[in-house]
Amino acid sequence: MNKAKRLEILTRLRDANPHPTTELNFSSPFELLVAVTLSAQATDVSVNKATDKLFPVANTPEAIYALGVDGLKEYIKTIGLFNSKAQNVHKLCQILIEQHNSEVPESREALEALPGVGRKTANVVLNTAFGWPTIAVDTHIYRVSNRTKFAMGKNVDKVEEKLLKVVPKEFKVDVHHWLILHGRYTCLARKPRCGSCIIEDLCEYKDKTE
(Lines give C-alpha, C1' and ligand atoms only; values in the text may rest on other atoms or scores of the structure.)
Protein backbone atom coordinates (compact mmCIF):
# COMPACT_ATOMS: atom_id res chain seq x y z
CA MET A 1 0.00 0.00 0.00
CA ASN A 2 1.35 3.42 -0.92
CA LYS A 3 1.71 6.51 1.24
CA ALA A 4 -1.18 8.39 -0.40
CA LYS A 5 -3.64 5.57 0.28
CA ARG A 6 -2.58 5.31 3.90
CA LEU A 7 -2.99 9.05 4.36
CA GLU A 8 -6.51 8.97 2.88
CA ILE A 9 -7.49 6.01 5.09
CA LEU A 10 -6.30 7.81 8.22
CA THR A 11 -8.01 11.04 7.16
CA ARG A 12 -11.35 9.28 6.65
CA LEU A 13 -11.10 7.46 9.97
CA ARG A 14 -10.28 10.73 11.71
CA ASP A 15 -13.13 12.59 10.00
CA ALA A 16 -15.57 9.86 11.07
CA ASN A 17 -14.30 9.80 14.68
CA PRO A 18 -12.20 12.88 15.57
CA HIS A 19 -11.78 12.05 19.27
CA PRO A 20 -11.60 8.26 19.68
CA THR A 21 -10.90 6.58 22.98
CA THR A 22 -11.04 3.18 24.62
CA GLU A 23 -14.39 1.53 25.32
CA LEU A 24 -13.18 0.52 28.76
CA ASN A 25 -14.73 2.57 31.56
CA PHE A 26 -12.17 4.48 33.63
CA SER A 27 -11.71 7.83 35.35
CA SER A 28 -8.01 7.72 36.31
CA PRO A 29 -4.75 6.20 35.04
CA PHE A 30 -4.99 3.60 37.80
CA GLU A 31 -8.52 2.54 36.83
CA LEU A 32 -7.36 2.29 33.21
CA LEU A 33 -4.36 0.15 34.20
CA VAL A 34 -6.59 -2.25 36.15
CA ALA A 35 -9.21 -2.40 33.38
CA VAL A 36 -6.66 -3.10 30.65
CA THR A 37 -4.96 -5.76 32.78
CA LEU A 38 -8.34 -7.44 33.29
CA SER A 39 -9.20 -7.21 29.58
CA ALA A 40 -6.62 -9.75 28.37
CA GLN A 41 -8.55 -12.47 26.50
CA ALA A 42 -11.83 -10.86 27.62
CA THR A 43 -14.24 -8.38 26.09
CA ASP A 44 -14.40 -4.74 27.12
CA VAL A 45 -18.10 -5.27 27.89
CA SER A 46 -17.36 -8.04 30.40
CA VAL A 47 -14.61 -5.97 32.03
CA ASN A 48 -16.87 -2.91 32.31
CA LYS A 49 -19.59 -4.97 34.01
CA ALA A 50 -17.08 -6.03 36.66
CA THR A 51 -15.30 -2.70 37.14
CA ASP A 52 -18.61 -0.80 37.29
CA LYS A 53 -19.15 -2.67 40.57
CA LEU A 54 -15.52 -2.73 41.70
CA PHE A 55 -14.45 0.89 41.19
CA PRO A 56 -17.19 2.53 43.30
CA VAL A 57 -15.95 0.36 46.19
CA ALA A 58 -12.21 0.31 45.46
CA ASN A 59 -10.45 2.44 42.85
CA THR A 60 -7.03 3.10 44.42
CA PRO A 61 -4.08 0.76 44.92
CA GLU A 62 -4.65 0.85 48.70
CA ALA A 63 -8.36 0.06 48.44
CA ILE A 64 -7.97 -2.84 46.04
CA TYR A 65 -5.00 -4.20 47.98
CA ALA A 66 -7.12 -4.07 51.15
CA LEU A 67 -9.76 -6.27 49.50
CA GLY A 68 -7.26 -9.12 49.36
CA VAL A 69 -7.05 -11.57 46.47
CA ASP A 70 -10.25 -13.40 47.46
CA GLY A 71 -12.15 -10.16 47.96
CA LEU A 72 -11.09 -8.95 44.53
CA LYS A 73 -12.12 -12.24 42.94
CA GLU A 74 -15.70 -11.66 44.04
CA TYR A 75 -15.86 -8.57 41.83
CA ILE A 76 -14.11 -10.00 38.76
CA LYS A 77 -15.20 -13.66 38.79
CA THR A 78 -17.30 -13.15 35.65
CA ILE A 79 -14.14 -12.33 33.65
CA GLY A 80 -12.07 -15.06 32.03
CA LEU A 81 -8.88 -16.10 33.87
CA PHE A 82 -10.09 -14.20 36.95
CA ASN A 83 -8.01 -16.25 39.41
CA SER A 84 -4.65 -15.29 37.92
CA LYS A 85 -5.84 -11.77 37.12
CA ALA A 86 -6.87 -11.20 40.75
CA GLN A 87 -3.42 -12.26 41.93
CA ASN A 88 -1.72 -10.04 39.35
CA VAL A 89 -3.82 -6.96 40.13
CA HIS A 90 -3.40 -7.44 43.88
CA LYS A 91 0.40 -7.73 43.53
CA LEU A 92 0.42 -4.82 41.08
CA CYS A 93 -1.30 -2.65 43.70
CA GLN A 94 1.30 -3.62 46.31
CA ILE A 95 4.14 -2.62 43.96
CA LEU A 96 2.49 0.72 43.12
CA ILE A 97 2.12 1.46 46.84
CA GLU A 98 5.65 0.40 47.78
CA GLN A 99 7.62 1.60 44.77
CA HIS A 100 5.63 4.33 43.01
CA ASN A 101 3.88 6.32 45.74
CA SER A 102 0.57 4.72 44.65
CA GLU A 103 0.84 6.41 41.23
CA VAL A 104 0.82 4.75 37.82
CA PRO A 105 4.34 5.29 36.43
CA GLU A 106 4.65 7.08 33.09
CA SER A 107 7.41 4.72 32.04
CA ARG A 108 7.29 1.71 29.74
CA GLU A 109 9.97 -0.11 31.73
CA ALA A 110 8.20 0.44 35.05
CA LEU A 111 4.81 -0.55 33.63
CA GLU A 112 6.11 -3.75 32.03
CA ALA A 113 7.69 -4.70 35.36
CA LEU A 114 4.20 -4.92 36.91
CA PRO A 115 2.50 -8.35 37.16
CA GLY A 116 0.13 -9.03 34.27
CA VAL A 117 1.34 -6.02 32.29
CA GLY A 118 2.99 -6.74 28.96
CA ARG A 119 3.95 -4.51 26.06
CA LYS A 120 0.39 -4.19 24.74
CA THR A 121 -1.05 -3.14 28.12
CA ALA A 122 1.80 -0.69 28.66
CA ASN A 123 1.17 0.79 25.21
CA VAL A 124 -2.54 1.30 25.98
CA VAL A 125 -1.82 3.00 29.31
CA LEU A 126 0.92 5.23 27.89
CA ASN A 127 -1.30 6.18 24.95
CA THR A 128 -4.69 6.61 26.61
CA ALA A 129 -3.67 7.89 30.04
CA PHE A 130 -0.61 9.93 29.11
CA GLY A 131 -1.04 10.75 25.41
CA TRP A 132 2.05 8.95 24.15
CA PRO A 133 2.10 8.11 20.39
CA THR A 134 2.26 4.38 21.11
CA ILE A 135 0.33 1.77 19.14
CA ALA A 136 -0.92 -1.29 21.00
CA VAL A 137 -1.52 -4.12 18.53
CA ASP A 138 -4.27 -6.55 19.54
CA THR A 139 -6.06 -9.16 17.40
CA HIS A 140 -8.32 -6.53 15.78
CA ILE A 141 -5.47 -4.22 14.81
CA TYR A 142 -3.34 -7.14 13.63
CA ARG A 143 -6.20 -8.35 11.41
CA VAL A 144 -7.10 -4.93 9.98
CA SER A 145 -3.49 -3.99 9.31
CA ASN A 146 -2.78 -7.22 7.43
CA ARG A 147 -6.13 -7.61 5.67
CA THR A 148 -6.19 -4.08 4.27
CA LYS A 149 -2.43 -4.29 3.53
CA PHE A 150 -2.03 -1.03 5.54
CA ALA A 151 0.82 -2.42 7.64
CA MET A 152 1.62 -6.08 7.12
CA GLY A 153 3.56 -8.26 9.54
CA LYS A 154 3.84 -11.88 10.61
CA ASN A 155 3.26 -11.11 14.29
CA VAL A 156 1.98 -8.28 16.49
CA ASP A 157 5.47 -6.89 17.11
CA LYS A 158 6.17 -6.65 13.37
CA VAL A 159 2.80 -4.95 12.76
CA GLU A 160 3.48 -2.48 15.58
CA GLU A 161 6.92 -1.75 14.12
CA LYS A 162 5.43 -1.17 10.65
CA LEU A 163 2.61 1.04 11.96
CA LEU A 164 5.04 3.21 13.89
CA LYS A 165 7.04 3.59 10.68
CA VAL A 166 4.22 4.38 8.21
CA VAL A 167 1.70 6.35 10.32
CA PRO A 168 2.41 10.11 10.19
CA LYS A 169 2.99 11.89 13.50
CA GLU A 170 -0.34 13.76 13.46
CA PHE A 171 -2.28 10.46 13.47
CA LYS A 172 -0.11 8.38 15.85
CA VAL A 173 -1.89 9.13 19.14
CA ASP A 174 -5.34 8.08 17.80
CA VAL A 175 -4.58 5.38 15.23
CA HIS A 176 -4.72 2.58 17.84
CA HIS A 177 -8.34 3.45 18.66
CA TRP A 178 -9.42 3.92 15.03
CA LEU A 179 -8.06 0.54 13.97
CA ILE A 180 -9.40 -1.38 16.96
CA LEU A 181 -12.90 0.08 16.54
CA HIS A 182 -12.76 -0.60 12.80
CA GLY A 183 -11.86 -4.21 13.48
CA ARG A 184 -14.48 -4.56 16.21
CA TYR A 185 -17.44 -3.18 14.26
CA THR A 186 -16.68 -3.23 10.52
CA CYS A 187 -13.69 -5.37 9.54
CA LEU A 188 -14.97 -8.41 11.43
CA ALA A 189 -12.92 -11.60 11.63
CA ARG A 190 -15.34 -14.04 10.00
CA LYS A 191 -17.14 -11.76 7.56
CA PRO A 192 -16.02 -8.15 7.13
CA ARG A 193 -18.77 -5.62 6.45
CA CYS A 194 -17.15 -4.28 3.31
CA GLY A 195 -20.40 -2.83 1.97
CA SER A 196 -20.63 -0.38 4.84
CA CYS A 197 -16.90 0.32 5.16
CA ILE A 198 -15.73 3.92 4.72
CA ILE A 199 -12.36 2.80 3.38
CA GLU A 200 -13.53 -0.07 1.13
CA ASP A 201 -12.25 1.57 -2.07
CA LEU A 202 -8.81 2.04 -0.51
CA CYS A 203 -8.52 -1.38 1.13
CA GLU A 204 -6.45 -3.97 -0.77
CA TYR A 205 -8.26 -7.05 0.59
CA LYS A 206 -9.04 -9.32 -2.33
CA ASP A 207 -12.09 -11.21 -1.01
CA LYS A 208 -14.41 -8.30 -0.28
CA THR A 209 -17.99 -9.01 0.77
CA GLU A 210 -21.16 -7.16 -0.20
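Presented here is an overview of the structure given in this document. Predicted model only: the values in this text are computed from it and were never measured.

Description of unusual backbone geometry
- Phi is positive for Gln41, close to 55°, though the residue is something other than glycine.
- Along the chain, Gln41 falls in the loop between α2 (29-38) and α3 (44-54).
- We note that Lys149 has phi near 75°; this positive angle belongs to a residue other than glycine.
- Relative accessible area serves as the criterion here: at 24%, Lys149 is assigned to the partly exposed category.

Here we look at the nonpolar core
- Phe30, Leu33, Ile64, Leu92, Leu111 and Leu114 are the most contacted members of the largest nonpolar core, which totals 32 residues.
- Secondary structure elements with two or more residues in this core: α2, α3, α4 (61-76), α5 (82-99) and α7 (119-128).
- Per-element accounting of this core gives the leading share, seven residues, to α2.
- The residues contacting Leu33, other than those within four sequence positions of it, are Leu92, Leu96, Val104, Leu111, Leu114, Val117, Thr121 and Val125.
- Membership of the second largest hydrophobic core comes to 23 residues, among which are Leu10, Phe150, Val175 and Leu181.

Considering the state of the cysteines
- Counted by the stated rule, this structure contains zero disulfides.
- Here Cys197 stays free of any disulfide, with the sulfur of Cys203 as its closest cysteine sulfur at 6.5 Å.
- Exposure remark for Cys197: the relative accessible area of 17% places this residue in the buried category.
- No disulfide involves Cys203; its sulfur sits 6.3 Å from that of Cys187, the nearest cysteine.

Points about the packing of aromatic side chains
- Counted according to the given criterion, the structure contains one aromatic pair.
- Across the ring face of Phe150, the terminal group of Arg6 is positioned such that the distance to the ring centre comes to 5.8 Å.
- In this structure, Arg147 packs its charged tip against the face of Tyr205, placed 5.1 Å from the ring centre.

Thoughts on the pattern of salt bridges
- A full pass over the atoms with the stated rule returns nine salt bridges.
- In this structure, Arg184 engages Glu23 in a salt bridge whose closest nitrogen and oxygen atoms are separated by 2.6 Å. Here Arg184, found in helix α10 (residues 169-185), pairs with Glu23, found in the loop between α1 (3-16) and α2; they are 161 residues apart in sequence, far enough to count as distant.
- A relative accessible area of 30% places Glu23 in the partly exposed class.

Things to note about the packing of α1 against α10
- Where α1 contacts α10, the two axes come as close as 10 Å, and the packing angle between them is 75°. By the angle between their directions, the pair α1 and α10 is classed as roughly perpendicular. Listed contacts from α10 to Leu7, Leu10, Thr11, Leu13 and Arg14 of α1 are Glu170, Phe171, Val175, Trp178, Leu179 and His182.
- By residue class, the composition of the contact of α1 with α10 is seven nonpolar, two polar and two charged.

Considerations on α2
- Across the 10 residues that make up α2, a large majority, nine, are buried.
- Three or more residues of α2 are buried, namely Phe30, Glu31, Leu32, Leu33, Val34, Ala35, Val36, Thr37 and Leu38.
- Packed against the buried residues of α2 are α3, α4, α5, α6 (108-112) and α7.

Some remarks on α10
- For α10, with 17 residues, the first-to-last C-alpha span of 25 Å sits near the 24 Å given by 1.5 Å per residue.
- At Val175, α10 shows its strongest bend, of approximately 55°.
- Buried within α10 we find Phe171, Lys172, Val175, His176, His177, Trp178, Leu179, Ile180, Leu181, His182 and Gly183.

Notes on the packing of helix α8 (residues 139-148) against helix α9 (residues 156-166)
- Running from N to C, α8 and α9 point in directions that differ by 65°, and their axes come no closer than 10 Å. In the packing of α8 onto α9, the handedness of the crossing is left-handed. Contact with α8, carried on its side by Ile141, Tyr142, Ser145 and Asn146, involves Val156, Val159 and Leu163 of α9 and no other residues of that element.
- Here the residues of the contact of α8 with α9 sort into five nonpolar, two polar and no charged.

Criteria and thresholds
Residues numbered from 1 in each chain as written. Predicted model: local features only at pLDDT ≥ 70, side-chain atom pairs only at ≥ 80, totals over all residues. Heavy atoms only, no water. Helix = DSSP H or I, 4+ residues; strand = E, 2+ residues; numbered from the N terminus. Buried < 20%, exposed > 50% of the residue type's maximum accessible area, 1.4 Å probe, protein only. Core = buried A, V, L, I, M, F, W, Y, C linked by side-chain atoms within 4.5 Å. Contact = heavy atoms within 4.5 Å. Disulfide = S-S within 2.5 Å. Phe/Tyr/Trp six-rings, centres within 6.5 Å; stacked < 30°, edge-to-face > 60°. Lys NZ or Arg CZ within 6 Å of the ring centre and 35° of its normal. Salt bridge = Lys/Arg side-chain N within 4 Å of Asp/Glu carboxyl O. Axes fitted to C-alpha atoms, helices over the stretch in contact; angles between N-to-C directions. Parallel < 35°, antiparallel > 145°, perpendicular 65-115°, else oblique. Nonpolar A, V, L, I, M, F, W, Y, C, P; charged D, E, K, R; others polar. Expected span 1.5 Å × (residues − 1). Bend = angle between axes of the 7 residues up to and from the residue. Left-handed = near helix turned anticlockwise from the far one by under 90°.

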